[in-house]
Amino acid sequence: MTRNLILGGTLSVLVLLAAVASYLWTPFDHTAMNIPAKLQTPNAQHWLGTDHFGRDLMSMIMVGARTSIAVALVAVGIGMGAGVPLGLAAAARKGSWPDEMIMRGNDLIFAFPSLVIAILITAVLGAGAVNAIIAIGIFNIPVFARVTRGAALSLWEREFILAARVAGKGAARISAEHILPNVMNLLIVQGTIQFSLGILAEAGLSYVGLGAQPPTPSWGRMLADAQTMVSFAPHLALVPGMAIILTVLGLNLLGDGLRDHFDPKLRVARA
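What you are looking at is a predicted structure, and each value in this text was computed from that prediction instead of being measured.

**Looking at the side chain of serine 12**
Along the polypeptide, serine 12 turns up in helix H1 (residues 3-21). Reaching out from serine 12, the side chain makes a polar contact with the backbone oxygen of glycine 8 at a distance of 2.8 Å. Among all residues touching serine 12, those that are not within four sequence positions of it are Gly250, Leu251 and Leu254.

Right, here's the structure in full:
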């Protein structure tokens, strides 16, 4: 087990535990305002300090973790649920019009900056976590489609696939029974990477006011609220900023570690 896998897994599990724990317990009510206690630096009562309304930052970070995880997880699920079948279909019919249509559609989406189009989609549909999920999920579809197609193409000429075709199995059955299990490791690694990017995208949408709406805490909106107070209350920006950094770092290290674990050649090369 590599150090990246251990460190990334540890950071990811800590964030996940904080998100799960927030359903059962937080140090304070994350919506409760206490103006006399506003802008406190970290202390024995408020471990991460308080914001400009006197709300406990640790409680907001814990609830914000579940918001970010939920949005990114569902968005990745949308991307995998739609992108993987498209990629398998394109690989099974390489060079045909379905393959061309799927890949040109992917190219069309990739031609635009993902965050800018996500902002456009949420601006049209309206601000909120559900629309943020839709916007982020749309840009996960071509990623998984392209990764799946590329991995599947290298398998279609293998002997066990030729044997399945000789046995009379159709393209759909071969894709489901033979191709998909053999590309699943790659999809898991890519899913981890897209999960971290989804958290960044959710934070970006929330920063501009198009993500989860008040009173639901969001790391991105916490950063937006803190930007005018950084000079005299830097902890307001440091706390959510570090939460985003550590979460994304943990997921990237986890993805890197999983890639090493699933591919012995990389593990030997790095050793």
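**Looking at a nonpolar patch on the surface**
Together, Leu120, Val124, Leu125, Val130, Ile134 and Ile138 make up a nonpolar patch on the protein surface, roughly 540 Å² of accessible area in all. Put simply, the parts of the chain that give the nonpolar patch at least two residues each are helix H4 (114-125) and helix H5 (129-153). The topology assignment puts leucine 125 in helix H4.

**Remarks on the confidence of the model for the protein chain**
One rule of thumb: low pLDDT means the predicted coordinates there are not for detailed reading. Residues with a pLDDT of 70 or more make up 97% of the protein chain, whose mean pLDDT is 90. Between the elements of the protein chain, mean pLDDT differs from a low of 52, seen in helix H10 (residues 264-270), to a high of 95, seen in helix H2 (residues 57-92).

**Thoughts on the packing of aromatic side chains**
Using the criterion set out here, one finds 0 aromatic pairs in the structure. Over the aromatic face of tyrosine 23 sits the side chain of arginine 66, whose NZ or CZ is 4.4 Å from the ring centroid.

**Topic: unusual backbone geometry**
For the peptide bond that leads from proline 214 to proline 215, omega is 10°, which places it in the cis range. Residue placement: proline 215 occurs in the loop between helix H7 (171-207) and helix H8 (219-226).

What counts and how
Residues numbered from 1 in each chain as written. Predicted model: local features only at pLDDT ≥ 70, side-chain atom pairs only at ≥ 80, totals over all residues. Heavy atoms only, no water. Helix = DSSP H or I, 4+ residues; strand = E, 2+ residues; numbered from the N terminus. Polar contact = N/O pair within 3.5 Å; in protein donor to acceptor, adjacent residues only side chain to side chain. Contact = heavy atoms within 4.5 Å. Patch = residues over 30% accessible without salt bridge, like charges linked within 9 Å, V, L, I, M, F, W, Y side chains within 5 Å. Areas by Shrake-Rupley, 256 points an atom, 1.4 Å probe, with all protein chains shown as cover. Salt bridge = Lys/Arg side-chain N within 4 Å of Asp/Glu carboxyl O. pLDDT = per-residue confidence, 0-100. Phe/Tyr/Trp six-rings, centres within 6.5 Å; stacked < 30°, edge-to-face > 60°. Lys NZ or Arg CZ within 6 Å of the ring centre and 35° of its normal.

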